[in-house]
Amino acid sequence: MSQPSAEVAADFKDALQDLKINSRPEISNLTLIAKENTEYAQAISRELENHIRTTRPEWKLPALYVLDSIVKNVGTPYTVYLGRNLYRTFMDAYTLMDPATRKAMEGLLKTWKQPVPESMDMRPVFSPEVTRDIENALIKFRTIAVQQQALSQKPGIQHNMPARPMPSVPWRNTPTPPQNATRFAAANDPRLRQVTLPYGQYPPSATPQIQSQPSISFYPQPPQAIDVEGLKASLSKLITSTQAAWALSPVDVAIQQKLKALLDLQMILNTQTLPPEQLKAAADQIQAMSPPPAPATAFTPPASIPPPVIASPQQNTSPLFPPSSTAVNIGQILANARPPVPPSPAPAATTPSLADMLRRVSSPMNSSSTPASVAPFYPPPFSAAPLPMAIPVPTAQSPALAPASATTVNLAQLLGQFSKSAATPMAPVPQPHSSFPQSQPQSSAAPLSTGDVKWLLNALKAQNLLPPGPPMSAQATPLSSEPMTRQVSANTGVHTDVDLTTASMKQPRFHLITKLYEAYPNICATCGRRFESSLEGKERKARHMDWHFKVKDPDVAKRGIHRSWYISEKEWIEYREVDEASPEQAVNGVTSATAAPKKETKDRYVPVPTDAALVHAPCPICQEKFEPQWLVEANDFVWMDAVKVNGKVYHATCWEEYSKGSSLAAPSTPDSVLGKRKAEDSIGSGKKVRAY
Amino acid sequence: MISLPGLHLSNPTPEPPSTAESIVTRTQDLLACSEYRFEVPFTRTLTIRLLTGTAEFFGTELAPSSTYTFTGTKGAVYTWRGCKLEIGGLAESEYTSEETQMMSYANAHFALEKLRERSVQTGELGPRILVVGPENAGKTSVVKILTSYAVKAGRQPVVVNLDPRQGMLSVPGSVTAAAFSSIIDIEDSWGSSPISGPSPVPVKMPLVYHYGIANPDEGSLFRPLVTRMALAVTSRLEDDKPSRQAGFIIDTSGAISHGKGGVYENIDHIISEFSVNVLFVLGSERLYSDLARKYSNRPTEEAVSVVRLDKSGGCVDRDEAYMKQLRQAQIRAYFFGHGENTLGPHSHMADYDELNIFRIVDAASDANSSFRPGNDDDDVYGSTNNIYTKATPSPMIQNSLLAVTTAAATDSQEVIRDSSVRGYIYVADVDDVKKKVRLLSPQPGQTPSNAIILGSFPEDVPGLVS
């Protein structure tokens, strides 16, 4: 047995050494190797630990992700073997890491204290004893670090802050949840990359268009530069002129709304102390409204913009704006700012107004202070979010652009459109927020800084809330990340230009071959079936792997299997193929009724007997030996899938079958009995001559 | 463990299998776009394992960590990107080649994908593909490649096998159809039809009719069966959306591609019954030009794209001895399973009068006259009273394969002809004195009283049960 063990370990080691980044396919491949060689778990675990210990610091984290993936996806016996030295493995790596990676590791540790997501098993990944030691060490570590920092007079840098609270991870196959991994999440997680790449917003400097807009003069200005009194003065001036305009054309709804908005703004200014950033924004807005040559009618009505108007008028309005006009302005910032902290008394209930926006701006700029906190915006679970958000932004933007360059005629049109859309019932403002539960906790964190504004913009842009470039392409359909994902992974109908002619068949088209392979990067190591790298593909593969386990039932050989009769013509016409990778559904009369009780059966266990005779006795039914496992719940070594009947220990599944004569059993503990390599099986069967 | 003859020729002393394997294991590097072709006789086994890279066996990808065992196979492992294989065992012949037709087969697939994509959008029927060509031109291989690629692209094509010489998911002598939603078994030709237990490769659900004659150009059964099959497949596609979008691929016997004076009646019949709109002609220039001339001028609503595909250089002539072994292996696999999947058939006795055997009227004698050009379909359909003759068991039927139909013994001959097959039973022994037969049946239980068809094909399989 030692030889194959060494061989497998060497294979695993080779594969490990190629792992230098957080690459999903490689990690899942390694996990698969581990999964299929559970009988060599000890050797593999040792190899993995060695690798983590010896590899370069920057490659340790991916290796740790392998460990994480193995213990979460395979579980025992790896949790046992890896758990033994986990403290050393973890802490040795931790001490060598840079702060960002440490955070990622802390995140990992956090998930180990919880049960495997989506698993029926409620036990934590590693037993609390194991994780507690590490945790204690980390606390000490941090304390020391903080003390050192205090000594070195650098209180501002707090890289040893406890890991950010991480939501319980909603998928199972992930090596590591990207939310908590700061720079790895940003740069290396393929899933993230998939979504973010199309927007090209990473890193912050990737959005020069916005920052270089000439009219955004307020960014560089220090926040203190705003004169509140002056602002109030110009605001009241504006109000006066707007009133005059309204007097001229009292039927103009737009002016009316504008006036109302300005009044609202005035009220806010008078009643509250706004953060400087907002004040400045408001000032800019007012400033922008004032100068136009025909002030009587050229007011911009930010107030008339119902932020979440679904029937967006962008398409009509866009041609009105010269491409060079401001792409970023108060409207955007206001409309997209984060949830409300100071509840404003502004009378904004019916008419969506500037006040409304302001209200939502509460602590606008800090909502995205670090790249890390941007990351949570993209994960697919939130894919629905950009859709509702995407529309309001361009809308909000439009009027703000108007004063900069538009003529009065255009403005009038614009206003007309806005007032029309204002009539449509507006979607409740909190809706978009609820799609971003993650962003909320962050909005009360860091102090303001000018750089933060850029981050906000980046963040917005990343969600496709802002149009990508200066010409505020109104046709920029609000891309939700969902279609985006589909596009990336889709393999169909993109550029299939092959004609069905004899000549066309002979042209080499090697680029198309990627549709057969690279389009589905996630390969099943057992049968070669490929899956997409998307979340759905992952789920499908998980079900597919479950199916593999199920059909590898070792008891089956003992039951006489025979060929079934073919189905009749009518049955065949009505038959629908069952894809083992699809969610179980009761088609063709097949139900999944057996699934639930089976789970219970195989979760039964008995403590490993102390009686020497019993310890070595195999299951009397299948003659296979029991394998001891550490069970945390029982706090003892146990035999899983076992029952004790009349002083003898049977496999629970064997016994159930024997006693009930039940139908096809699902396999019992997969790792112990089912982890055989197909290679071995087929070698054996090659010699098997059917002895009939 | 019984050692297989041939494998241990060099070392007659029985050794543990692992060492025997490791002695003969070697690695084979394959450049991108080349293939490793091998022939393994039925007496040996060859194992192939993919070490690095990607590789496919007639379109079905090799899994990275599985060892595939081949016996009685003439096959090729192709790689688009280059790969390294670990090969164990001795092949009868093996070589690598960089001249393959895979690019054109892949192009064919992508052209079909275009049609399927259109079908997804418009809801119309997906591509109806017919593959024709002379014997040993690689028709079945192309069908497999197209099917595998379609499955890989997430489609669910229906494959129709109209070549009785070689069974698909059933025994030779049958014509079958099955929808493929899961990968094709690499070791076991097309895979397995359902068994009473789990299978390592998803089983396929075939619809089986019994033809019972080797050559589609003989006798009066082929065309009615084509018609019946077309009806069933078309009905299935009515409501089965994934299959409707993917369409179907028809594999045929080389015999129908010979034609008589440039007229290919059976091909015409298949095209019209199945509303074929894509016709792949493999190898034969003459066949291509004949068919292209005939089908290029059809009105657009029933246009047929006639496309010629080159025959792969890897195609080898399979002699009759090999074909016979292949058929026997298929029949054996029907009862006893393939590879690791050993099945246990049931043996039981039946009285002579329990069996309602209908023997197909031997048409060999008038084969030359029955399908002369000029004979039109009415003749075939009209004279249906002499399809079968009722036969009583006799020692003559020993070792033969009987098709159990879904029709009752009292049904008319047309109904029996058009009914699908529930399964096959094998006559292991006939005791003419006691008027009893010993039957091998795939499943326990008494022999059904249904009509049972006895044909001249496949030939007797002596010694299936010893």
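Residues numbered from 1 in each chain as written. Chains lettered and ligands numbered in written order. Predicted model: local features only at pLDDT ≥ 70, side-chain atom pairs only at ≥ 80, totals over all residues. Heavy atoms only, no water.

A few words now on the environment of Val130 of chain A. All names here are of chain A. Assignment of secondary structure puts Val130 in helix α8 (residues 128–151). Sequence-wise, Val130 and Lys113 are 17 residues apart; in three dimensions their C-alpha atoms are separated by 9.3 Å. Excluding residues within four positions of it along the chain, Val130 makes contact with Gly83 and Leu86. (Helix = DSSP H or I, 4+ residues; strand = E, 2+ residues; numbered from the N terminus. Contact = heavy atoms within 4.5 Å.)

Looking now at the nonpolar core. Val233, Phe274, Leu279 and Leu291 of chain B are the most contacted members of the largest nonpolar core, which totals 67 residues. Counting residues per element, this core draws most heavily on helix α4 (residues 222–239) of chain B, which supplies eight residues. Looking at which domains feed residues into this core, each of domain 2 (102–309) and domain 3 (345–454) of chain B supplies at least three. Ignoring sequence-local partners within four residues, the contact set of Val233 of chain B consists of Trp572 of chain A together with Val158, Val160, Ala177, Phe248 and Phe274 of chain B. In terms of nonpolar packing, the next biggest core, distinct from the first, is built from 61 residues, Ala55, Ala91, Val151 and Phe280 of chain B among them. (Core = buried A, V, L, I, M, F, W, Y, C linked by side-chain atoms within 4.5 Å. Buried < 20%, exposed > 50% of the residue type's maximum accessible area, 1.4 Å probe, protein only. Domains from an automatic or database assignment.)

Let's shift gears to the pairing of strand β10 (residues 128–132) of chain B. Residue and element names in this part refer to chain B. Among the five residues in β10, five count as buried, and that is most of the element. Covered by surrounding structure in β10 are Arg128, Leu130 and Val132 together with Ile129 and Val131, the residues of both alternating faces. Pairing geometry for β10 and strand β14 (residues 248–251), over four bridges, is parallel. Paired with Leu130 across the two strands is Ile250, which belongs to β14. Of the strand pairs in this sheet, β10 and strand β15 (residues 278–282) are connected by four bridges, and their pairing is parallel. Note on β15: the bridge partner recorded for Val132 is Val281. (Pairing = 2+ DSSP bridges.)

Moving on to the confidence of the model for chain B. All names here are of chain B. Per-chain confidence: chain B averages 85 in pLDDT, with 89% of residues scoring 70 or above. The least confident element of chain B is helix α9 (residues 367–370), whose mean pLDDT is 42; the most confident is β14, at 96. Segment residues 1–22 is flagged for pLDDT under 50; beyond a separation of four residues in sequence, or across chains, it makes 21 contacts in the model. Scored below 50 in pLDDT, residues 364–383 shows 26 contacts in the model against residues more than four places distant or in partner chains. We note a pTM of 0.52 for the whole complex and an ipTM of 0.88 for its interfaces. (pLDDT = per-residue confidence, 0-100.)

The grouping of Glu7, Asp11, Asp14 and Asp18 of chain A at the surface amounts to a negative patch. Structurally, the position occupied by Asp11 of chain A is in helix α1 (residues 2–17). (Patch = residues over 30% accessible without salt bridge, like charges linked within 9 Å, V, L, I, M, F, W, Y side chains within 5 Å. Areas by Shrake-Rupley, 256 points an atom, 1.4 Å probe, with all protein chains shown as cover. Salt bridge = Lys/Arg side-chain N within 4 Å of Asp/Glu carboxyl O. Lys, Arg positive; Asp, Glu negative; His and termini not counted. Charge placed at Lys NZ, Arg CZ, Asp CG, Glu CD.)

What follows is about the packing of aromatic side chains. For the structure on display, the rule yields 19 aromatic pairs over all chains. When the centroid spacing of 5.9 Å and the interplanar angle of 45° are considered together, the rings of Tyr566 of chain A and Tyr334 of chain B count as tilted. Taken together, the residues span two chains, with Tyr566 of chain A in the loop between α27 (535–551) and α28 (569–574) and Tyr334 of chain B in helix α8 (residues 320–336). Residue Tyr566 of chain A is classed as buried on the basis of its relative accessible area, which comes to 4%. (Phe/Tyr/Trp six-rings, centres within 6.5 Å; stacked < 30°, edge-to-face > 60°.)

Residue and element names in this part refer to chain B. Between Phe457 and Pro458 the backbone carries a cis peptide bond, its omega angle lying at 0°. Backbone geometry at Cys33 places phi at a positive 60°, although glycine is not the residue there. Following the sequence through the fold, Cys33 ends up in the loop between β1 (26–30) and β2 (34–40). Although it is not a glycine, Ser189 sits at a positive phi angle of roughly 50°.

Now for the sheet that holds β10 of chain B. Residue and element names in this part refer to chain B. Across the sheet, seven strands lie side by side as β13-β12-β11-β14-β10-β15-β16; this open sheet has mixed pairing. Both outer strands of the open sheet, β13 (206–210) and β16 (305–309), are each paired with one neighbouring strand and no more. The mean angle between the axes of side-by-side strands here comes to 15°, regardless of whether they run parallel or antiparallel. Relative to β16, β15 runs parallel, the two sharing five bridges. Opposite Leu282, over in β16, you have Leu309 as the bridge partner. Each of β10, β11 (158–161), β14, β15 and β16 is contacted by helix α3 (residues 139–152), which is oriented at about 165° to β14, the strand it contacts most. (Axes fitted to C-alpha atoms, helices over the stretch in contact; angles between N-to-C directions.)

For the structure on display, the rule yields 34 salt bridges over all chains. In this structure, Arg576 of chain A and Asp240 of chain B form a salt bridge, with 3.9 Å as the shortest nitrogen-oxygen distance. Of the two residues, Arg576 of chain A sits in the loop between α28 and α29 (595–602) while Asp240 of chain B sits in the loop between α4 and α5 (241–246), which places them in two different chains.

Once that is clear, we can look at the interface of chain B and chain A. The interface is formed by 108 residues belonging to chain B together with 69 residues belonging to chain A. Summed over both partners, the interface of chain B with chain A comes to about 7800 Å²; 60% of that surface belongs to carbon and sulfur atoms. If you look at where chain B meets chain A, you find seven salt bridges. Of the charged contacts, one joins Lys114 of chain B and Asp499 of chain A as a salt bridge, the two residues approaching to 3.0 Å between their closest N and O atoms. Between the two partners, chain B and chain A, sit 27 residue pairs in polar contact (both at pLDDT 80 or more). It is helix α2 (residues 102–122) of chain B that contributes the most residues to the side of chain B that touches chain A, twelve residues altogether. Taken together, the residues of the side of chain B that touches chain A break down into 54 nonpolar, 34 polar and 20 charged. (Buried area = accessible area lost by both parts, 1.4 Å probe. Polar contact = N/O pair within 3.5 Å; in protein donor to acceptor, adjacent residues only side chain to side chain. Nonpolar A, V, L, I, M, F, W, Y, C, P; charged D, E, K, R; others polar.)

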